[in-house]
Amino acid sequence: MDTPLWKQMAETACRMGDVLSSAAKEYAVQFALRTGDRELTDKLMQELQQPGADREAVCRRFRVMEDARPDWIRDMENLLVSLELYRLQEETAFKELAGVVSVYSTEIVERKTDEARHEKAGVHAGCKR
């Protein structure tokens, strides 16, 4: 199964580090989600990476190419993009922490921590107030 374009862009944006601002990264991922067009998204990323690029002007130009959707759909798309970017940041932080902890001869297995997190989420989901 192919990874959706917007998820690929989120991973690419996170790997770029400080080349783009967080707002520019988020917009690029949102653009990929809304258009699904790899060529346009790559062009957007290239323009945003240019030194001295006016991010607002670039974003205004590319907003014209997005599909017009109701506000509630845009809000849901923004939430989805934010969650994916936070997930990737959490994954990166976990890997860095595992590297630091391994120096002290302790091993953290990512699978076990993911299973524990899902079990804990299941317990909370089953709670009644």
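Residues numbered from 1 in each chain as written. Predicted model: local features only at pLDDT ≥ 70, side-chain atom pairs only at ≥ 80, totals over all residues. Heavy atoms only, no water.

Chemist: For this particular structure, what's the right way to read the overall build of the protein?
Modeler: Of the regular secondary structure elements, the protein holds six helices and zero strands. Counting helices and strands in the order they occur from the N terminus, the protein gives α-α-α-α-α-α. Taking all 129 residues of the protein together, the buried fraction comes to 26%. In the protein, of all internal contacts separated by at least 6 residues, the share reaching a separation of at least 24 is 61%. Carbon and sulfur atoms form 54% of the exposed surface of the protein, whose accessible area is close to 9300 Å². (Helix = DSSP H or I, 4+ residues; strand = E, 2+ residues; numbered from the N terminus. Buried < 20%, exposed > 50% of the residue type's maximum accessible area, 1.4 Å probe, protein only. Contact = heavy atoms within 4.5 Å. Areas by Shrake-Rupley, 256 points an atom, 1.4 Å probe, with all protein chains shown as cover.)

Chemist: I'm lost on the side chain of Lys 25 in this one. Help?
Modeler: Residue position: Lys 25 is located in helix α2 (residues 22–35). Classification of Lys 25 as buried rests on a relative accessible area of 15%. Those residues in contact with Lys 25 that sit more than four places away from it in its chain are Ala 13, Gly 17 and Leu 20.

Chemist: How do you make sense of helix α1 (residues 5–15) when you look at a structure like this?
Modeler: Since the α-helix advances by 3.6 residues per turn, residues separated by three or four positions end up pointing in the same direction. Turning to α1, its buried residues number three or more, namely Leu 5, Trp 6, Met 9, Ala 10 and Ala 13. Projection of α1 onto a plane perpendicular to its axis shows the buried side chains occupying an angular sector of 140°, all on one side. For α1, the secondary structure elements touched by its buried residues are α2, α3 (38–49) and α5 (71–102). With its phi angle positive at about 65°, Gly 17 sits one or two positions after the end of α1. (Arc of directions from axis to C-beta.)

Chemist: Is there a simple way to explain the packing of α2 against α5 in this structure?
Modeler: Any two packed helices are characterised by the angle at which their axes cross and by the distance between the axes. Taken N-terminus to C-terminus, the directions of α2 and α5 make an angle of 125°; their axes are 10 Å apart at the nearest point. Taken together, the axes of α2 and α5 lie oblique to each other. The element α2 and its partner α5 pack so that their crossing is right-handed. Where α2 approaches α5, its residues Glu 26, Val 29, Gln 30, Leu 33 and Arg 34 are matched on the opposing element by Arg 74, Glu 77, Asn 78, Val 81, Ser 82 and Leu 85. Looking at the contact of α2 with α5 residue by residue, the class counts come to four nonpolar, three polar and four charged. (Axes fitted to C-alpha atoms, helices over the stretch in contact; angles between N-to-C directions. Parallel < 35°, antiparallel > 145°, perpendicular 65-115°, else oblique. Left-handed = near helix turned anticlockwise from the far one by under 90°. Nonpolar A, V, L, I, M, F, W, Y, C, P; charged D, E, K, R; others polar.)

Chemist: Which parts of the structure should I look at to understand the pattern of salt bridges?
Modeler: Proximity of charged atoms lets side chains of opposite charge pair with each other. Within the structure shown, the criterion is met by eight salt bridges. Glu 47 is the partner of Arg 61 in a salt bridge, and the nearest nitrogen-oxygen pair spans 2.2 Å. Here the residue Arg 61 occupies a position in helix α4 (residues 55–63), and Glu 47 occupies one in helix α3, the gap between them amounting to 14 residues. As a salt-bridge pair, Glu 84 and Arg 87 come within 2.7 Å of each other at their nearest N and O atoms. Of this pair, Glu 84 and Arg 87 both sit in helix α5, separated by three residues, roughly a single helical turn. The structure contains a network of salt bridges with shared partners spanning Lys 7, Glu 84, Arg 87, Glu 91 and Lys 95. (Salt bridge = Lys/Arg side-chain N within 4 Å of Asp/Glu carboxyl O.)

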